[in-house]
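Structural features, examined
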Amino acid sequence: MATYTTEIASDKLVSDNPIHQRLLKAYIAAKPWISGKLLEIGCGEGRGVDTLLPLAESYIGIDKIGEVIQDLKNRFPGVDFRQAVIPPFKDFADESFDTIVSFQVIEHIQDDRLFLEEIYRMLRPGGKAIISTPNNTHTLSRNPWHVREYVPQELIDLSAGIFDKVEAKGIGGNEKVWDYHEANRKSVQKIMRFDVLDLQHRLPAWILRMPYEILNRMNRNKLHQQQGESVVQISHEDYPLVDDPSEGLDLFYILWKK
């Protein structure tokens, strides 16, 4: 696609690199748990397809954006990509998959409980789902593209009411990553000081999306100008998988079905 929102984060825009690498790390961190018949919910532009395909017996990727799906079909001929608006997952029967991955999706879903219940339904006994989502503890401002964000215990409690076992981990960062995050925090604070009426939390999300996109893109470009090569040099290796989800920029949970 030629145009990238800051919500998508492109691997083709240098200023997006820290976010792209952070999102890519979820796929790499998930590799030990990938097996059998695999479903990816919210495959987007295919950031992790090359990582997942060799590890699975079969792979199906779904996303709500038709243009993205068509592009993926062109790039990966023979791979099963489908357009779908979920939940529910009407095209898939009970116990259809050994593994389900869904990265940076649940925060967009209005009925998050139904979303997880449907994932549980589609898993075979012994199957597992791996999900990631922003850790709201470290969120710098309201993201109007998100229905909600979670602190670690909120998502543990929600998941534990549905799945038989929850392994709660996080996608953390090394010193290089946290330096970037701190610079980002200071930059965002400078922008948000003008929001004296706290409009970011009072206005409907649809009104905020356009100014959010403009300001977020300007901020990422500014950080790239200020930090130069350090932005380019951040890689997925700078985002370790951590056992304490509170230390993660993103929550990374493995959800098991007995």
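Since this is a predicted model, take the numbers as computed values, not measurements.

Let us now look at the nonpolar core. Grouped together as the largest cluster of nonpolar side chains are 30 residues, with contacts concentrated most on I34, Y59, F81, F103, I130 and F252. Mapped onto this core, the elements with two or more residues apiece are α1 (17-30), α2 (49-52), α3 (66-75), β4 (97-103), α6 (175-192) and β8 (250-256). Of all the elements, α1 adds the most residues to this core, at four residues. If we ignore the near neighbours within four places in the chain, the residues touching F81 are C43, V49, Y59, G61, I69, L72, K73 and F76. Core analysis: the next-biggest nonpolar cluster, separate from the first, contains 29 residues, I41, I62, F92 and L158 among them.

It is worth spelling out the pairing of β4 at this point. Most of β4 is tucked away: six of the seven residues are buried. The pairing of strand β1 (residues 37-41) with β4 spans three bridges and is parallel. When the bridges of β4 are listed, L39 appears paired with I100. Pairing between β4 and strand β5 (residues 123-134): six bridges, direction parallel. Considered in β5, the bridge of S102 is made with I131. Once the chain exits β4 it traverses helix α4 (residues 112-122) before rejoining the sheet at β5, and the crossover so formed is right-handed.

Rules of the game
Residues numbered from 1 in each chain as written. Predicted model: local features only at pLDDT ≥ 70, side-chain atom pairs only at ≥ 80, totals over all residues. Heavy atoms only, no water. Core = buried A, V, L, I, M, F, W, Y, C linked by side-chain atoms within 4.5 Å. Buried < 20%, exposed > 50% of the residue type's maximum accessible area, 1.4 Å probe, protein only. Helix = DSSP H or I, 4+ residues; strand = E, 2+ residues; numbered from the N terminus. Contact = heavy atoms within 4.5 Å. Pairing = 2+ DSSP bridges. Right-handed = clockwise from strand over helix to strand, strands pointing away.

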